[in-house]
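A structural walkthrough
Here's the letter readout for the chains.
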Amino acid sequence: MVLALVAGLLLILFVVRVRRLAHRIGSFECALRPAGRREWTSGIAVFGVGRVDWYRLVSLSLRPDRTFARDDLEVRERVHRSPGGADQVSEILCSLPGGEVHLAMRRESLAGLVSWLESAPPRGDYFV
């Protein structure tokens, strides 16, 4: 009985967490795979001020597992594009100071990510 109650409570917490993350403004489904690894990890990414926070989908943590700073994130290439219409998924290779990471997301989410990266102010110190 107690085990069923604990399992039910954990399930409720998990569902509330996923709904809370998925309904944030600027959130999108995004799978992550570190370069050199074969397995993907499902998650939800959320745009922040100058960063993208990535949350592992199957977790109870309220903190992001990864944070990508806008200044450090660079899309290197589009690796794979799945066939299909509205549910087309694109895989991209991104470089970061700590290495490379593959991200997979829907086509619309990729367009938003690229637009967000391109709208950043210029890097470096510029004097007028």
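Residues numbered from 1 in each chain as written. Predicted model: local features only at pLDDT ≥ 70, side-chain atom pairs only at ≥ 80, totals over all residues. Heavy atoms only, no water.

Once that is clear, we can look at the pattern of salt bridges. Evaluation of the coordinates by the stated rule reveals seven salt bridges. For R106, the salt bridge goes to E29, with nearest N and O atoms at 3.6 Å. Of this pair, R106 sits in strand β8 (residues 99-106) while E29 sits in strand β1 (residues 27-29), and the two are 77 residues apart along the sequence. Here E39 ties to R37 by a salt bridge, and the two come within 3.9 Å at their closest N and O atoms. The exposure class of E39 is partly exposed, given its relative accessible area of 49%. According to the relative accessible area criterion, R37 is partly exposed, its value standing at 48%. (Salt bridge = Lys/Arg side-chain N within 4 Å of Asp/Glu carboxyl O. Helix = DSSP H or I, 4+ residues; strand = E, 2+ residues; numbered from the N terminus. Buried < 20%, exposed > 50% of the residue type's maximum accessible area, 1.4 Å probe, protein only.)

Turning to the environment of R63, a few remarks are in order. Position of R63 among the secondary structure elements: in the loop between β4 (51-56) and β5 (66-69). Residue classification places R63 among the exposed positions, given a relative accessible area of 67%. Remark: the alpha-carbon pair of R63 and D53, spanning ten residues in sequence, is separated by 8.8 Å.

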